[in-house]
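# Topology and contacts: notes
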Amino acid sequence: MAQKYGLDTAKLPVHVGMIMDGNGRWAKKRNLPRIAGHREGAKTVRMAVKTSGELGIKVLTLYAFSTENWKRPKEEVNFLMNLLVEYLVKEIDELQQENVRICSIGNVTDLPKKALETLKNAEKKTVNNKGLQLNLALSYGGRDEIVRSFRNIAYKVKDGLISPEDIDHDLINEYLDTKNQPDPDLIIRTSGEMRLSNFLLWQGAYSELWFTDTLWPDFSKEEYLQALEDFTKRQRRFGKA
């Protein structure tokens, strides 16, 4: 499939992260409520998942709801939680057919009961799928993830199960939400903002970054392919000469 679009399969990213920004601004430009932008953005999620699976990308991590997003108006938060449930219920059969495995990262126990139950059911139903791994970052913040991992390591040190000398990059990786997953090769952010906004801070240390002014609901398959093509042309040295 990658060759169909003129992409070098061997040079495609294994793991892509997406900061899906601009739903609210998309709606405002059209004099619509913010929730209309979120609903339209869900269509772009469908495109990103389908395209990633077709191209053989192994992991796609979507920044769906950050720890900071809890500060938004209650009505918007409730809508986003309901939209998550709606998406998982509506798409689960197709995701299953496409061999997509759903996983979650973040402090998901903060989610409302119905959202958490629906998420866990989707994870359970797709656990044996071997195609694209779809990470939904929910109630997620990179700093929060690092704090939680360090706290859990500290408990093990306190109990004498780990010595301070054992703590290295590999050990820390074992306590992150993305345990046993490759770091993101490429992080895409829409809407013109040029920052990571607390997304995969540890894992993204050497990620290639790709920014676009396009608002998330307008982010197309063609532009996604453009980002991937740009990635295949980059030289990744990881600090080496």
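From a predicted model like this one, the values you see are computed outputs, not experimental measurements.

### Looking at the nonpolar core
Among the nonpolar cores identified, the biggest contains 44 residues, and M18, V49, L60, Y224 and L228 are the most heavily contacted of them. Going through the elements one at a time, β1 (15-19), α2 (34-55), β2 (59-66), α3 (74-97), α4 (113-126), β4 (133-140), β5 (186-189) and α7 (221-232) are the ones with two or more residues in this core. Per element, the largest residue contribution to this core is 9 residues, and it comes from α3. Each residue touching M18, except ones within four places of it in the same chain, is listed here: A48, L60, T61, L62, Y63, I188, F199, W216, F219 and Y224. Membership of the second largest hydrophobic core comes to 8 residues, among which are I19, I187, F199 and L200.

### Digging into the pattern of salt bridges
Side chains that differ in charge, positive against negative, can pair when their charged atoms come close. Overall, the coordinates contain 20 salt bridges when judged by the stated rule. Across the salt bridge formed by E86 and R39, the nearest N and O atoms sit 2.8 Å from each other. With E86 in helix α3 and R39 in helix α2, this pair connects stretches of sequence that are 47 residues apart. Residue class for R39 comes out partly exposed when judged on its relative accessible area of 37%. When the shortest N-O distance is used, the salt bridge between K179 and E174 registers 3.7 Å.

### Some thoughts on the pairing of β5
Successive side chains on a regular strand alternate, one facing one side of the sheet and the next facing the other. Burial of the side chains of β5 extends over both faces: L186 and I188 are buried on one face and I187 and R189 on the other. One ladder, built from 4 bridges, connects β1 with β5; its direction is parallel. If you follow M18 over to β5, its bridge partner there is I188. Bridge analysis of β5 against strand β6 (residues 208-211) gives 4 bridges, and the strand direction is parallel. Across the sheet, the residue bridging to I187 is L209, located in β6.

Basis of the calculations
- Along each chain, numbering runs from 1 in the same order as the chain's sequence is written.
- pLDDT decides what is reported in this predicted model: residues at 70 or higher carry local features, side-chain atom pairs at 80 or more are listed and counted, and totals for whole chains, interfaces and linings draw on all residues regardless.
- Note that water and hydrogens are dropped before the side-chain values are worked out from all heavy atoms of the structure.
- Residue types Ala, Val, Leu, Ile, Met, Phe, Trp, Tyr and Cys, when buried and joined through side-chain atoms within 4.5 Å, form a set referred to as a nonpolar core.
- Here's how the labels work: a residue is buried when its accessible area is under 20% of the maximum for its type, exposed when over 50%, partly exposed in between, all with a 1.4 Å probe on protein chains only.
- Strands are runs of DSSP state E lasting at least two residues, helices are runs of H or I lasting at least four, and both sets are numbered from the N terminus onward.
- By definition, residues are in contact when any of their heavy atoms lie within 4.5 Å.
- A side-chain nitrogen of Lys or Arg and a carboxyl oxygen of Asp or Glu constitute a salt bridge if their distance falls within 4 Å.
- Each pair of strands is called paired provided DSSP finds at least two bridges between the two strands.

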